[in-house]
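# Summary of the model geometry
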Amino acid sequence: MTETKIQLQHVVKAYGDNVVLKDINFEIQAGEFISFVGQSGGGKTTLLRLIAGLEATNSGDIIIAGQQLQGQNQVARVMFQDARLLPWMTVVDNLTFGSKDAQEKQRALALLERVELGEKADAYPSSLSGGQQQRVALARALMSDPEILLLDEPLGALDALTRLKMQQLVADIVAESNLTTILITHDVREGVLLADRVVAVKDGDLGLIVAGQRHQTDRLAIDQTIDDVQNFILAESE
Ligand SMILES: Nc1ncnc2c1ncn2[C@@H]1O[C@H](COP(=O)(O)OP(=O)(O)OP(=O)(O)O)[C@@H](O)[C@H]1O
Ligand SMILES: [Mg+2]
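Quick caveat: nothing in here was measured; it's all calculated off a predicted structure. (Residues numbered from 1 in each chain as written. Chains lettered and ligands numbered in written order. Predicted model: local features only at pLDDT ≥ 70, side-chain atom pairs only at ≥ 80, totals over all residues. Heavy atoms only, no water.)

Turning next to the overall build of the protein. Across its full length, the protein carries 7 helices and 10 strands. For the protein, the C-alpha radius of gyration of 18 Å lies close to 18 Å, the compact-globule estimate for 238 residues. For the C-alpha atoms alone, the extent of the protein along its principal axes is close to 55 × 40 × 40 Å. Residues counted as buried form 47% of the 238 residues belonging to the protein. Residue pairs in contact within the protein that sit at least 24 positions apart in sequence constitute 67% of those at least 6 positions apart. Mean positive and mean negative side-chain charge positions of the protein (21 and 33 charges, respectively) differ by 5 Å. (Helix = DSSP H or I, 4+ residues; strand = E, 2+ residues; numbered from the N terminus. Rg over C-alpha atoms; globule rule 2.2 N^0.38 Å. Buried < 20%, exposed > 50% of the residue type's maximum accessible area, 1.4 Å probe, protein only. Contact = heavy atoms within 4.5 Å. Lys, Arg positive; Asp, Glu negative; His and termini not counted. Charge placed at Lys NZ, Arg CZ, Asp CG, Glu CD.)

Let's shift gears to the environment of Pro 87. Position of Pro 87 among the secondary structure elements: in the loop between β6 (76-79) and α2 (91-96). In this structure, the C-alpha to C-alpha distance between Pro 87 and Tyr 124, residues 37 residues apart in sequence, is 6.6 Å. Ignoring any residue separated from it by four or fewer positions in sequence, one finds Pro 87 in contact with Tyr 124 and Pro 125.

Take a look at the structure:
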């Protein structure tokens, strides 16, 4: 039986007169991978921040595993476009925040192995490539064993090849841990390939929701979905 992990009920968010999210109603099941795509300024990051509990709604409810969200979402972790590592700490200390706890350190090292950076544990962030820094950020996000992973364009700054590899790593880790995941991406192809469902966020609304191709290999179906989503995003709003 599937469990509803995230429920958005009549969620409204405004900054002053600027109504960013109009009336969002949406449910995400446990273990589901959702992609948010859409034009700049459409409200994607705002929606993610609300789910993370980093910001409060003006009205409406966010329900996490049946419980109304209040304050920060303790079972969610966010990963951003920039890795946001602490430059004065080694890679492993960026995961443990310098904790001397042996178990904590063990876990950090295991996660670094998982993102194929075991040998960089004692290096400083400045000596890592952008892709490596993002892998550290991913490992750090997993340290608390979150149930929900919120990804705000985490691969946006990477070159195409590194990006492809990172996509696979994210997909594998999410599947292994049965994480409920939301990925914001400007790359519609990436959104379609990784997700169970793709949501086009437009003018403060969830305009189009289509099946993603997470478990599919049918190239025609994939290309058709990408076309549909792109056309929807690019169409003039009324
Ligand atoms: N802290 C804030 N204060 C005031 N306005 C904000 C704030 N954060 C976002 N906004 C406004 O909300 C709207 C949506 O912004 P948001 O960052 O959610 O868009 P986005 O879809 O993530 O865009 P992008 O693809 O460029 O990242 C924009 O008009 C933005 O100016
Ligand atoms: Mg954004």
